[in-house]
Each structure stands twice: as C-alpha cells, then as structure tokens.
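Residue-level structural notes
The chain contents come next:
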Amino acid sequence: MGKILEYIQQSGKGKYQCYKTKKLSLDTNDNDTIAYNYDDKTVVQTTKSVFAETERSRQGTIPLHSLLNKNTPPPPIFRYFLDGSRHTYKVDDIAIGKKIFPIVAGQIIVGCCERKDRDTFKKNDIRSKIVIAMPDDFDDDDGGENFCRSYCEKLNEEIAKIPFIKERGIKIEKLLLYKTDGNTGDKDKDNYKNRAVAQIQAEMTDEEQLLVAELCRQNKLDDESWLIKDGSLEYNPGYSNLDSTQWNNLRANYQNVVGVSKMFDPELLPDYEGSSLAKTIANLKPFERTKVYRYETKHSHKGGGTFSSFYAVWYLRLRNSEFRETSFSDIVKCEMVLLQEDKPIHTDIINVISANLIREAYPVCFGADTRWANHLYPVFLTESFCKSHYIDNNVILNLF
C-alpha cells in the first residue's frame, strides 16, 4: 500500500478500510470521427433550427473558395490555442460504514499556446494538477471545502516525506467529493466510479474556463487575436466545481473564442426545414460549410439555479482529401457562444473564421495522429505540448 492509502486508512482511526485492489488506468482511446459517446446532446427539442448568422438565404451550404483564392491572404486571426486533457486512475476501494466506494485519482493538464508570427509558436500558460475523488461520505462532519483543503494539506505533508516526491514538487492539489445518494437517471452510467471521473472532468473544464478568463483579464483576446479551443464550448454547470455566480460570469469571456470539435453528433440539430442535418454535413464539398444554426441548452447548477446557453453552430469541411475513412473524416464542428440570444453573428465574420480554420489545417499531422484529417495543425501542437507535461502513470500509481 502506497503512502496516500496508508495515510487515508490511518487518519480514519478505524472508520475506513482500504482493500489494496488492483490499480488501473481508466482512460480509453477512441479516435472514431463519429463519437458515440459525444458530449453534444440535444437538450432543448426543436423541429426546425433558427439561423444564427445574418445572411438568411435558404441554402444549405456556403462555399468559401473566393476567400481562399486571394493572392495575398490577410494575416491569421487566431493567435491562441487551448487544450485540456486528463488521465484518471482507479487506485483502490474504500469501506465507509457498510458501503464500499472507489477511490479515483486524476491528472489534469490545461494548456494554452501562442503564435505571435509564423516563426514563433510558444507556451502562453500551462496548468497541471493531481486530484483525488472520494465519496462525500468521507467528509463525515460535513466540513465541505474547508475539510477538503485541510485534508489535502495534511496529505501533502505526509507524501513530502518521500525525497523523490519532495524534490519534484509533486502534490495533491485538490480533494473532490462525489455524491453517493440519488442518481443521474442513466442506470448504465450512474455508478460511483463514473461520478468520480465526472468530478475530475468538471475540474478540468473549470480550469479551461478560468484560463480563458485570465486571457481576457490581460486583454489578450480581441477581433485580431482570437482563440481556438479544442473541443466543444458547451460547458454544463451541473458538472462544475465553481459556484453558480462565478460560472455564469465566465460566459462573457467567449466573444473571440471558437470551439472546434473533431468528434461530434451529426444528428444534433435539424436544418431550417426540419430535416436531419447529417446528410448535408456528409455531402459537404471541400472548403464548404453549412449554414450557422442556433443551439440552446438548459442546465441546472448543482448549487441551485437554471441556466440557458445559446450557441452558433456550423460544420466545415477542411480538406480536399483523396482518402476518407468516413464521410465525416475531414469535417469539424465549429461553435461560438451567442452572448445575446437573438443577436446573430455577421455572416462575413463566420466566413473569415471558416477560411482561417481551413488554413490552420495545413500543414497536416498525417501519421502523427490517427485523427489527422480533422486536426488543425496548431491545435495538434498544443495537444502535444500538453501531453508532454504528464507525470508518468507509474509515479502516480505508486503514490497510492
């Protein structure tokens, strides 16, 4: 038994029992373009989609060749690139009272790279942390955040006795508590292990939003310096570890942010006629986009309050690929936050963003990533940068 599990059992003074179960990584690699466990879910049902761009002609797709064929293309609008990822580990089972719960650890990496010019691509910010997710029964005195903070401090004092850990400054940044009562309505996914992983995922997405907020605080994002966030901008406040007021205020930071998803649900939205958008997406020609549609979600924050969020969503074919695994292999889902529900984004802005995204797809990372057809090259570099900061899995597991 590692240092952390020893401390957990000893500090419980008989209240807890650790079982020394096999430690394992919970991460799986799924690089399918159509993700069957995608995050974008239709929350507000609608029969027809509403346009979220100013040009409202009833056409399904928009070609972008005229913007791409200019002899002297304008300078790129994207300067910052953000990616978040996490590794999770089942490190043991713990008995509290008559119940047994999993202990899940996580490594979280959120990074942002900056490109000042064609010759300068460098780190802007990197945030990494190790966290532990425990059942809320572990906090038997209902101390909440104070309990978690105090417990982490004592735990870090204990593991700092290991020279290797102290020399490298490794510590547990946060103790997260997952709920052990009620259910989420999905019997297949509603188990303690998944609740623990969800808490770690929430911590990662909170860090992503806080990093964007810091860029805005430093006045780094504007109409000439945009940010590409790898993945969806659809953050669910029900899975946030921030308080509801703080979470709601963060949405105002996304005026100059575009979310680009390599994996998406093609059935997420109907088109303006009420037909499935999936066929239109699959039939996109090279360097062509769909119309931009408004997408609404409604979520409840676990601290109370219901939030509606509105997004502008469109799909873009990045390449003229000779080889495609599926009809969606070189298509990305693009998102922007609609800060005002009824104020569409100017079509000229959407076209400029789309043309810039196509240019960001070259050069390609063919052979370096199986999802190369859906990758933007600076996003690939940012992902690689973030992954290079992971601590070896064996070091994490041996802590426990």
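This text goes with the structure placed above it.
Basis of the calculations
Residues numbered from 1 in each chain as written. Predicted model: local features only at pLDDT ≥ 70, side-chain atom pairs only at ≥ 80, totals over all residues. Heavy atoms only, no water. Core = buried A, V, L, I, M, F, W, Y, C linked by side-chain atoms within 4.5 Å. Buried < 20%, exposed > 50% of the residue type's maximum accessible area, 1.4 Å probe, protein only. Contact = heavy atoms within 4.5 Å. Patch = residues over 30% accessible without salt bridge, like charges linked within 9 Å, V, L, I, M, F, W, Y side chains within 5 Å. Areas by Shrake-Rupley, 256 points an atom, 1.4 Å probe, with all protein chains shown as cover. Salt bridge = Lys/Arg side-chain N within 4 Å of Asp/Glu carboxyl O. Helix = DSSP H or I, 4+ residues; strand = E, 2+ residues; numbered from the N terminus. Phe/Tyr/Trp six-rings, centres within 6.5 Å; stacked < 30°, edge-to-face > 60°. Lys NZ or Arg CZ within 6 Å of the ring centre and 35° of its normal. Arc of directions from axis to C-beta. Pairing = 2+ DSSP bridges.

A few points about the nonpolar core
In this structure, Ile-8, Ile-94 and Phe-138 are the most contacted members of the largest nonpolar core, which totals 72 residues. For Ile-94, the residues in contact, after removing those within four places along its chain, are Ile-8, Tyr-16, Gln-17, Cys-18, Tyr-19, Lys-99, Ile-100, Phe-101, Ile-103, Met-134 and Phe-138. Counting 28 residues, the second largest nonpolar core, distinct from the first, contains Phe-78, Ile-228, Val-260 and Ala-361.

Examining a nonpolar patch on the surface
A contiguous nonpolar surface patch, about 310 Å² in accessible area, is contributed by Tyr-362, Val-364 and Phe-366. You can see Val-364 is positioned in the loop between α8 (347-360) and α9 (377-387). Val-364 sits in the partly exposed class, given a relative accessible area of 35%.

Some details on the packing of aromatic side chains
Going through the model one piece at a time under the given rule, you end up with 16 aromatic pairs. Summarising the aromatic geometry, the rings of Tyr-235 and Tyr-254 are spaced 6.4 Å apart at their centres and angled 65 degrees between planes, so their arrangement reads as edge-to-face. One end of the pair, Tyr-235, is in the loop between β8 (226-230) and α6 (244-250); the other, Tyr-254, is in the loop between α6 and β9 (257-261), and 19 residues separate them in sequence. Each member of the pair, Tyr-235 together with Tyr-254, is buried. Connected via pairs of aromatic rings, a cluster forms that spans Tyr-7, Tyr-16, Phe-138, Phe-147 and Tyr-151. In this structure, Arg-251 is placed above the aromatic ring of Tyr-254, and the distance from its NZ or CZ to the ring centre is 5.2 Å. Across the ring face of Tyr-362, the terminal group of Arg-319 is positioned such that the distance to the ring centre comes to 5.4 Å.

Concerning helix α1 (residues 3-11)
Where α1 is concerned, the buried positions are Ile-4, Leu-5, Tyr-7 and Ile-8. Seen from one end, α1 has its buried residues packed into an arc of 160 degrees, which puts them on one side. Residue Lys-13 follows α1 closely and has a positive phi angle near 50 degrees.

With respect to the pairing of strand β6 (residues 120-135)
As paired strands, strand β5 (residues 99-117) and β6 are joined by 13 bridges and run antiparallel to one another. Residue pairing for β6: Val-110 is matched across the bridge by Arg-127. Between β5 and the antiparallel strand that follows it, β6, lie 2 residues. The pairing of β6 with strand β7 (residues 172-178) spans 6 bridges and is classified as parallel. By the bridge assignment for β7, Pro-135 is matched with Tyr-178.

Here we look at the pattern of salt bridges
Inspection of the entire model under this criterion finds 25 salt bridges. Its salt-bridge partner being Lys-129, residue Glu-207 comes within 2.9 Å of it at the nearest N-O pair. One end of the pair, Glu-207, is in helix α5 (residues 192-217); the other, Lys-129, is in strand β6, and 78 residues separate them in sequence. Judged by its relative accessible area of 12%, Glu-207 is buried. In this structure, a network of salt bridges that share partners links the residues Asp-125, Arg-127, Lys-129, Lys-174, Glu-203 and Glu-207.

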